[in-house]
Amino acid sequence: MGARAARDVTRGGRGAQQRCYGGVSGAGNAPPGVDPEAFAWFQAVDADRSGYISVKELKQALVNSNWSTFNDETCLLMINMFDKTRSGRIDVYGFSALLRFIQQWKNLFQQYDRDQSGSISFSELQQAFSQMGYNLSPQFSQLLLARYAQRSSNPSIQLDRFIQICMQLQSTTDAFREKDTGLVGNVRLSYEDFLTMVVTRMM
């Protein structure tokens, strides 16, 4: 993605970009254990100066390589992952951890985006699943593209949807393995067990 890749994680408006990448003066006062650059980003994204980042603020700060904002579902999943107080918001420590989390996924995304188009195509998605250890059919990958890709003649997955898919796939796989104690790839579930797995892992 080149220079564009450096710009596709946070934005928050022109002023926020200047603060994020210009090394704001307050960055030197970062709390212990928080990277000064992450603290500068936090200050730029915390639009209401509450000391916390909401889903709305996070959504406004994150963009894909095509400059579309991250979708609500991915932002909510990530907020919930790093929200230690169950308040629906994250503090500067949670935000710092979230930035590291996004960077890790972005590195994987760029690795699987073999043609450097800024999105993951069907064949790239299949290769990504295989390299991550998932034995999934082409039909399943097509289903994901139909569900999550923008409508076009050549549908592909942006970074936000890639993160969402991988998070949900990992979560549901972990839930399945808890039931598949013999590691045979099949389990017997009651209807309520199935609903419980969905509610606890994906909602």
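Residues numbered from 1 in each chain as written. Predicted model: local features only at pLDDT ≥ 70, side-chain atom pairs only at ≥ 80, totals over all residues. Heavy atoms only, no water.

Colleague: Hey, could you run me through the overall build of the protein in this one?
Modeller: A tally of regular secondary structure across the protein gives nine helices and zero strands. The long-range fraction of contacts in the protein, counting pairs at least 24 apart against all pairs at least 6 apart in sequence, stands at 52%. Accessible surface computed for the protein: about 11,300 Å², of which carbon and sulfur atoms make up 51%. (Helix = DSSP H or I, 4+ residues; strand = E, 2+ residues; numbered from the N terminus. Contact = heavy atoms within 4.5 Å. Areas by Shrake-Rupley, 256 points an atom, 1.4 Å probe, with all protein chains shown as cover.)

Colleague: How do you make sense of helix H2 (residues 36-45) when you look at a structure like this?
Modeller: Along H2, seven of the 10 residues are buried, which leaves the element largely enclosed by surrounding structure. Along H2, the positions that sit buried rather than exposed are Ala38, Phe39, Ala40, Trp41, Phe42, Ala44 and Val45. Put simply, Asp35 is the residue that caps the front of H2, since its side-chain oxygen is 3.0 Å from the backbone nitrogen of Glu37. (Buried < 20%, exposed > 50% of the residue type's maximum accessible area, 1.4 Å probe, protein only. Polar contact = N/O pair within 3.5 Å; in protein donor to acceptor, adjacent residues only side chain to side chain.)

Colleague: Please clarify how the environment of Asp72 should be interpreted in this entry.
Modeller: Considering the arrangement of structural elements, one finds Asp72 in helix H4 (residues 72-82). In the structure, Asp72 is positioned 13 residues away from Lys59 in sequence and 6.8 Å away in space, judged by C-alpha atoms.

Colleague: What is the right way to look at the packing of H2 against helix H5 (residues 92-112) in this model?
Modeller: In a packed pair of helices, the relevant descriptors are the angle between the two axes and the axis-to-axis distance. Running from amino to carboxyl end, H2 crosses H5 at an angle of 110°, the nearest separation of the two axes being 10 Å. Taken together, the axis directions place H2 and H5 in an arrangement best described as roughly perpendicular. Considering the relative orientation of H2 and H5, their crossing is right-handed. Residue-level contacts link Ala38, Phe39, Trp41, Phe42 and Val45 of H2 to Val92, Phe95, Ser96 and Leu99 of H5. The residue inventory of the contact of H2 with H5, partitioned by class, reads eight nonpolar, one polar and no charged. (Axes fitted to C-alpha atoms, helices over the stretch in contact; angles between N-to-C directions. Parallel < 35°, antiparallel > 145°, perpendicular 65-115°, else oblique. Left-handed = near helix turned anticlockwise from the far one by under 90°. Nonpolar A, V, L, I, M, F, W, Y, C, P; charged D, E, K, R; others polar.)

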